[in-house]
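Residue strings, one per chain:
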Amino acid sequence: MTAPLYTIPGAVQPVATPAAAAAAPAAPTVEAGSMRTVNEVLSQSQAGAVMDELEHDLIGLAPIKTRIRDIAALLVIDKLRMNLGLQAQAPSLHMCFTGNPGTGKTTVAMRMAEILHRLGYVRKGHLVAVTRDDLVGQYIGHTAPKTKDVVKKAMGGVLFIDEAYYLYRPENERDYGQEAIEILLQVMESQRDDLVVILAGYKDRMNTFFRSNPGMSSRIAHHLDFPDYASSDLLRIGDRMLEQHNYRFGPGAREAFEEYIRHRIVQQNFANARSVRNALDRARLRQASRLFADKDREFTPEDLTTIAESDIRASRVFQIAAEQNPD
Amino acid sequence: MMTSPAGRLTQGQFSYLPDLSDAEISLQIQYGLNKGYAWSVEYTDDPHPRNTYWEMFGIPMFDLKDAAGVMLELQNCRKTFPNRYIRLMAFDSTRGVESIAMNFIVNRPANEPGFGLVRQEAPGRTIRYTIHSYATDRPEAERGS
């Protein structure tokens, strides 16, 4: 094809032939190209704001925050390197999030899309969250178009595959999951600039998955392990959740909730922040029916927003804990 | 002379301009995506102006955010049919519109033979005219890919 002899209005950077590029550098890049300090880059990309938000909004998760800050720093430095004409190859940012249920994998993935967008690594910054069902088809020839469709939708953003290990079913060698994995591998390699893939799941199963798909493991640069929350973190998460829904703890209720968390952690099916959310949802139910019983009372905003100690203490968790430790 | 002065097919948008580069095509796609259009890729070896329905290369792509997805499909189509006409179409699904909003050619065969005028004798010295696409002279299987 011949080089274009004209520019389309709105085209910020017409792809010029190397000769033309050397002769006349495009106007908008002059300003960006003159940036020499980290602060100049940060002020343009608002990456600093995102990192502060992350620090403020997400409780705990220290290793994750460190890694995200490292990635952000690398992207900023790469921009500076590029301005000085040094080689800066786009880093591979495919990630794997492992951790127990409710440790914030999805929440961080959402944030990640936004952060990468503000850093200018992905163009659109949307998140497409999928599971095995969205990728793997039901009959021969169904999987490839389905996976490609999802990949195309995620282009310019982040593709988040929850419970990725279900893609590979070793017990059934005719399973179509392998086909989806192969397409993903190909896209992760060839469309690295267009798409960031984040896999998430429980740690042990993820390790099994990577053992049987070494290609996948090697294409993922960042393996992030989400630690369980400390009980003080969980309490703060609970505070934050109540605040978001315009509730607050009544006298003694916060202490009761602290005790609740301490009991709940050792009991079965504990799912970190998700358990906290469920517990608070149930407390809200109890509060509602407590208020509902008072048919003739006029409620103040105070009444409607307060979770009383009794709402927390009525939880089954306390009974179970009492049965296990009769003393 | 049924062929356009440029010696090439002029259908859809931008057809009197030089071929768009990939970056320019991306910008057009992104413009359509920002308007909420669904892009699709179609190809044909019969460029007759009344040949409205070209062959679909895959199904229309709904819910895309970024032009890279459409470009991926376009590159696949170019690889499969390097010597055919390929066009991109943007479907506007707004209620009451529901039709093609953008449409431009993104790939052409190396040789574009153009069209001829065919005259047909009809009763009473009447002449009927029709346009014939030279590209379809050979049987379908021998037209080259």
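Here the structure is a predicted model, which is why all the values come from computation and not from measurement.

A few words now on the overall build of chain A. Of the regular secondary structure elements, chain A holds 17 helices and 7 strands. Residues counted as buried form 33% of the 327 residues belonging to chain A. Pairs at least 24 residues apart make up 77% of the contacts formed inside chain A by residues separated by at least 6 positions.

Of the regular secondary structure elements, chain B holds 2 helices and 6 strands. Helices and strands in chain B line up, N terminus first, as α-β-β-α-β-β-β-β. Counting only C-alpha atoms and orienting by the principal axes, one finds that chain B spans roughly 60 × 35 × 30 Å. In chain B, the proportion of contacts linking residues at least 24 apart, taken out of those at least 6 apart, comes to 55%.

Once that is clear, we can look at helix H10 (residues 203-212) of chain A. Residue and element names in this part refer to chain A. Among the residues of H10, Met206, Phe209 and Phe210 are the ones counted as buried. Each buried residue of H10 sits inside an arc of 95 degrees when the element is viewed along its axis, so together they form one side. More than 90 degrees from the buried face of H10, the exposed residues found are Asp204 and Arg211. Tucked inside the fold, the buried residues of H10 contact strand S1 (95-99), strand S4 (195-201) and helix H11 (214-219).

You will see that Asn272 of chain A, though not glycine, has its phi angle at about 45 degrees, which is positive. Considering the arrangement of structural elements, one finds Asn272 of chain A in helix H14 (residues 272-293). Here Arg125 of chain B, not a glycine, exhibits a phi torsion of approximately 60 degrees, which is positive.

Structurally, the position occupied by Pro214 of chain A is in helix H11. Along the primary structure Pro214 of chain A and Leu234 of chain A are separated by 20 residues, whereas in three dimensions their C-alpha atoms are 36 Å apart.

Residue and element names in this part refer to chain A. Mapped onto the secondary structure, Tyr176 falls in the loop between strand S3 (157-162) and helix H9 (177-190). In this structure Tyr176 comes out as buried when scored by C-beta crowding, with 23 C-beta atoms within 10 Å. Sequence separation of Tyr176 and Val136 is 40 residues, and the distance between their C-alpha atoms is 6.2 Å. When near neighbours in sequence (up to four residues on either side) are disregarded, Tyr176 contacts Val136, Gly137 and Thr143.

All names here are of chain A. The biggest cluster of nonpolar side chains holds 79 residues, and the ones touching the most others in it are Ala109, Leu116, Val158 and Ile198. Leaving out residues up to four positions away in the same chain, Ala109 has contacts with Phe97, Leu127, Val158, Phe160, Ile198 and Ala200. In this structure, Ile237, Val276, Ala308 and Val317 belong to the second largest nonpolar core, which totals 20 residues.

One key point about sheets: their strands pair by backbone hydrogen bonds, in either a parallel or an antiparallel sense. Residue and element names in this part refer to chain B. Strand order in the open sheet formed by 4 strands is S2-S1-S3-S4, with antiparallel pairing between adjacent strands. Looking at the sheet topology across the chains shown, the edges are occupied by strand S2 (55-61) and strand S4 (99-107). Direction aside, the axes of adjacent strands within the sheet are offset by 20 degrees on average. In this structure, strand S1 (residues 38-44) lies alongside S2, joined through 4 bridges in antiparallel fashion. Note on S2: the bridge partner recorded for Glu42 is Met56.

Let us look at the packing of helix H3 (residues 38-45) of chain A against helix H5 (residues 62-83) of chain A. Residues and elements named next belong to chain A. Interhelical geometry of H3 versus H5 gives an angle of 110 degrees and a closest axis separation of 10 Å. Comparing their axes, H5 and H3 come out roughly perpendicular. Like other packed secondary-structure pairs, H3 and H5 cross with a definite hand, here right-handed. For the pair H3 and H5, the contacting residues are Val38, Val41 and Leu42 in the first and Val76, Lys79 and Leu80 in the second. Of the residues belonging to the contact of H3 with H5, the class tally is 5 nonpolar, no polar and 1 charged.

Calculation rules
Residues numbered from 1 in each chain as written. Chains lettered and ligands numbered in written order. Predicted model: local features only at pLDDT ≥ 70, side-chain atom pairs only at ≥ 80, totals over all residues. Helix = DSSP H or I, 4+ residues; strand = E, 2+ residues; numbered from the N terminus. Buried ≥ 20, exposed ≤ 12 C-beta atoms within 10 Å, placed from the backbone. Contact = placed C-beta atoms within 7 Å. Arc of directions from axis to C-beta. Core = buried A, V, L, I, M, F, W, Y, C linked by C-beta atoms within 7 Å. Pairing = 2+ DSSP bridges. Axes fitted to C-alpha atoms, helices over the stretch in contact; angles between N-to-C directions. Parallel < 35°, antiparallel > 145°, perpendicular 65-115°, else oblique. Left-handed = near helix turned anticlockwise from the far one by under 90°. Nonpolar A, V, L, I, M, F, W, Y, C, P; charged D, E, K, R; others polar.

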